[in-house]
Amino acid sequence: MIDDTDRLIIRALSANARMSGSALAAAAGVAESTVSLRLKRLHASGVLRGYHADVDIAALGMTVQALISIRLVSIVREEVDRFRREAPNWPGVLALFHMGGVDDFLLHVAAPNASDLRDFVLENLAGHPAVAHTETNLIFDHVAGRGLERLLG
């Protein structure tokens, strides 16, 4: 169970994952040793899963992003699990969401251009035995949400 001090630490890290221990301690109003112990506990319990770089993929030449809705042929557990294991490892996949509703999965993908996006769909989805239907939606703009910080107070 997390308390208000944990929430302050998580909130500060969600704004800046490179924040020093002393800065985290100041933000949470506790000693650095307390922050250290709490970070270890938050990692061990799985609340904090890691730290990640915020990469501008357009600066890397990935100028096209899309959300691809996917419906599977059937929702047999083995096929769902297999697709869930495979898809995150395909080139350009930024995220995979297992959905409830009409679509079974939603893929967030990036590609250098529209032709490469088309090739991604043809090579990874069109011939996949578990995939019955896809719908590709281009992303014009992406703004990261700050809602987690607001939920934490």
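Residues numbered from 1 in each chain as written. Predicted model: local features only at pLDDT ≥ 70, side-chain atom pairs only at ≥ 80, totals over all residues. Heavy atoms only, no water.

How should I be thinking about the packing of aromatic side chains in this particular structure?
The way to describe two aromatic rings as a pair is by their centre distance and the angle between their planes. Counted by the stated rule, this structure contains three aromatic pairs. Relative to tryptophan 90, the ring of phenylalanine 83 lies with its centre 5.6 Å away and its plane at 85°, an arrangement referred to as edge-to-face. The exposure class assigned to phenylalanine 83 is buried, which follows from its relative accessible area of 0%. Seen from their ring centres, tryptophan 90 and phenylalanine 120 are 6.2 Å apart, and the 70° between their planes marks the pair as edge-to-face. Of this pair, tryptophan 90 sits in the loop between α4 (77-86) and β2 (93-98) while phenylalanine 120 sits in helix α5 (residues 114-126), placing them 30 residues apart in sequence. Exposure class is identical for tryptophan 90 and phenylalanine 120. Each is buried. Members of the aromatic cluster, each reached through a chain of ring pairs, are Phe83, Trp90, Phe105 and Phe120. (Phe/Tyr/Trp six-rings, centres within 6.5 Å; stacked < 30°, edge-to-face > 60°. Buried < 20%, exposed > 50% of the residue type's maximum accessible area, 1.4 Å probe, protein only. Helix = DSSP H or I, 4+ residues; strand = E, 2+ residues; numbered from the N terminus.)

Looking at this structure, I do not really get α5. What am I missing?
Because each turn of an α-helix spans 3.6 residues, side chains separated by three or four positions in sequence point in the same direction. Where α5 is concerned, the buried positions are Leu117, Phe120, Val121, Asn124 and Leu125. Projected down its long axis, α5 carries its buried residues within an arc of 105°, all on one side. Pointing more than 90 degrees away from the buried face of α5 are the exposed residues Leu122, Glu123 and Ala126. Against the buried residues of α5 lie β1 (64-72), α4, β2, β3 (105-111) and β4 (131-139). (Arc of directions from axis to C-beta. Contact = heavy atoms within 4.5 Å.)

It is not clear to me how the environment of leucine 60 should be interpreted in this structure. Could you clarify?
Residue placement: leucine 60 occurs in the loop between α3 (32-44) and β1. Along the primary structure leucine 60 and arginine 18 are separated by 42 residues, whereas in three dimensions their C-alpha atoms are 22 Å apart.

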